[in-house]
Amino acid sequence: MTARILYVEDNPQNMRLVRKILRSAGYEVLEATEGLVGVSVAAREVPDLILMDINLPDITGLEATTRLKASPRLSWIPVIAVTANAMHGDRENCLAAGCDGYLSKPVMKNELLQIVATFLSQAPTAATNNSHST
Ligand code: MN
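Predicted model only: the values in this text are computed from it and were never measured.

Quick look at the overall build of the chain now. Summing up its helical and strand segments, the chain has five helices and five strands in all. Written out in order from the N terminus, the α and β elements of the chain read β-α-β-α-β-α-β-α-β-α. Looking at the 134 residues of the chain, the share that counts as buried comes to 49%. Intrachain contacts of the chain at a sequence separation of at least 6 include 64% that bridge at least 24 residues. Here the chain has roughly 6900 Å² of accessible surface; of this, 52% comes from carbon and sulfur atoms.

Put into structure tokens, the structure is as follows:
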């Protein structure tokens, strides 16, 4: 079955680029442009993986990730932070918030596809997560 990836991103150009890359690789792309919407789309659709921008118009991507990881039903979904913020400690903040991975902007096609494939191959799917306890 085609993997479904949710991208939470408020920048239309980044959204367009990532959508194009992921679709061309055969993934189904779900989209949200705000953090709270992203959390509710994740709860409704239970995607296989989430790409999370950090700077969003409402809550930050870190807060959205914290909310997702607080839900036993959603916490297994890998969350990859996507951010241009290269300040020292940024990666650590993402991981502390519960992000499983970290991808720097500008998004590079090969880098994106590699990290997505890596996490999808490790993660349980929505259909098999019943026995997953973390
Ligand atoms: Mn943003």
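Okay, the confidence of the model for the chain next. When pLDDT is averaged along the chain, the result is 91, and 88% of the positions lie at 70 or above. The low-confidence segment residues 130–134 (pLDDT under 50) makes four contacts with residues lying over four places distant or belonging to another chain.

The next point concerns the nonpolar core. The biggest cluster of nonpolar side chains holds 23 residues, and the ones touching the most others in it are Leu6, Val8, Ile50, Met52 and Leu68. Of all elements in the fold, only strand S1 (4–8), strand S2 (28–32), helix H2 (35–45), strand S3 (49–53), helix H3 (61–69) and strand S4 (79–83) reach the threshold of two or more residues within this core. Ranked by the residues each element gives to this core, the list is headed by H2, at three residues. When sequence neighbours within four positions are dropped, the list of residues in contact with Leu68 reads Val39, Ala42, Ile50, Met52, Leu74, Ser75 and Val79. Within the second largest apolar cluster, 20 residues are counted, among which are Ala3, Val29, Leu49 and Val82.

Let's shift gears to the side chain of Glu9. Positionally, Glu9 belongs in the loop between S1 and helix H1 (12–24). Using a relative accessible area of 1% as the deciding quantity, one classes Glu9 as buried. At a separation of 2.6 Å, a polar atom in the side chain of Glu9 contacts the side chain of Tyr7. Leave out the neighbours within four places in its chain, and Glu9 touches Asn14, Met15, Ala32, Thr33, Asp53, Leu56 and Lys105.

On to the environment of Val107. Within the element layout of this structure, Val107 appears in the loop between strand S5 (101–104) and helix H5 (109–122). In this structure Val107 comes out as buried when scored by relative accessible area, which is 9%. Each C-alpha atom, one on Val107 and one on Leu17, is 8.2 Å from the other, the two residues being 90 residues apart in sequence.

Cut-offs and rules
Residues numbered from 1 in each chain as written. Predicted model: local features only at pLDDT ≥ 70, side-chain atom pairs only at ≥ 80, totals over all residues. Heavy atoms only, no water. Helix = DSSP H or I, 4+ residues; strand = E, 2+ residues; numbered from the N terminus. Buried < 20%, exposed > 50% of the residue type's maximum accessible area, 1.4 Å probe, protein only. Contact = heavy atoms within 4.5 Å. Areas by Shrake-Rupley, 256 points an atom, 1.4 Å probe, with all protein chains shown as cover. pLDDT = per-residue confidence, 0-100. Core = buried A, V, L, I, M, F, W, Y, C linked by side-chain atoms within 4.5 Å. Polar contact = N/O pair within 3.5 Å; in protein donor to acceptor, adjacent residues only side chain to side chain.

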